[in-house]
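Here's the letter readout for the chains.
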Amino acid sequence: MNYKKQVNHYLGTEFIKKSIYSDNQIKALTGVNLSQLRHLWIFSSRNRFKEAVDNLIHNDVKIDFNEANKGV
């Protein structure tokens, strides 16, 4: 699976429309790299990932890994 599809899958929406070729581009767009995004997604039932994604999509606020990873 390419980067764009992976990121959109983890975010649960088609947030990224153009092709992505590196982890640095993912971090520039979302605030986290692919492995951090995957980690947040896997543990989304125990952290604040869903709120961070809402802020990213609606308010263009980048995801802060430490804040999103805090337990609820």
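Given the structure is predicted, the values throughout are model-derived calculations rather than measurements.

A separate point is helix 1 (residues 3-11). For helix 1, the set of buried residues is Gln6, Val7, Asn8, Tyr10 and Leu11. Next to the buried residues of helix 1 lie helix 2 (23-30), helix 3 (34-42) and helix 4 (49-59). Positive phi shows up at glycine 12, right after helix 1, with a value of about 80°.

When you line up the elements, arginine 48 lands in the loop between helix 3 and helix 4. Of the residues examined, arginine 48 reaches a relative accessible area of 34% and is grouped as partly exposed. As for arginine 48 and phenylalanine 65, which are separated by 17 residues in sequence, their C-alpha atoms are 9.7 Å apart.

Turning our eyes to something else, we now look at the packing of aromatic side chains. With the rule as written, the count across this model stands at one aromatic pair. With a centroid separation of 5.0 Å and an interplanar angle of 50°, the aromatic rings of tyrosine 10 and tryptophan 41 are classed as tilted. With tyrosine 10 in helix 1 and tryptophan 41 in helix 3, the pair connects residues that are 31 residues apart, well separated along the chain. Its relative accessible area of 11% is what places tyrosine 10 among the buried residues.

Summarising the element assignment, leucine 56 is placed in helix 4. C-alpha separation for the pair leucine 56 and leucine 29, spaced 27 residues apart in sequence, amounts to 9.3 Å. Once residues within four sequence positions are removed from consideration, leucine 56 is found in contact with Leu11, Phe15, Leu29, Thr30, Val61, Lys62 and Ile63.

Reading the values: rules and limits
Residues numbered from 1 in each chain as written. Predicted model: local features only at pLDDT ≥ 70, side-chain atom pairs only at ≥ 80, totals over all residues. Heavy atoms only, no water. Buried < 20%, exposed > 50% of the residue type's maximum accessible area, 1.4 Å probe, protein only. Helix = DSSP H or I, 4+ residues; strand = E, 2+ residues; numbered from the N terminus. Contact = heavy atoms within 4.5 Å. Phe/Tyr/Trp six-rings, centres within 6.5 Å; stacked < 30°, edge-to-face > 60°.

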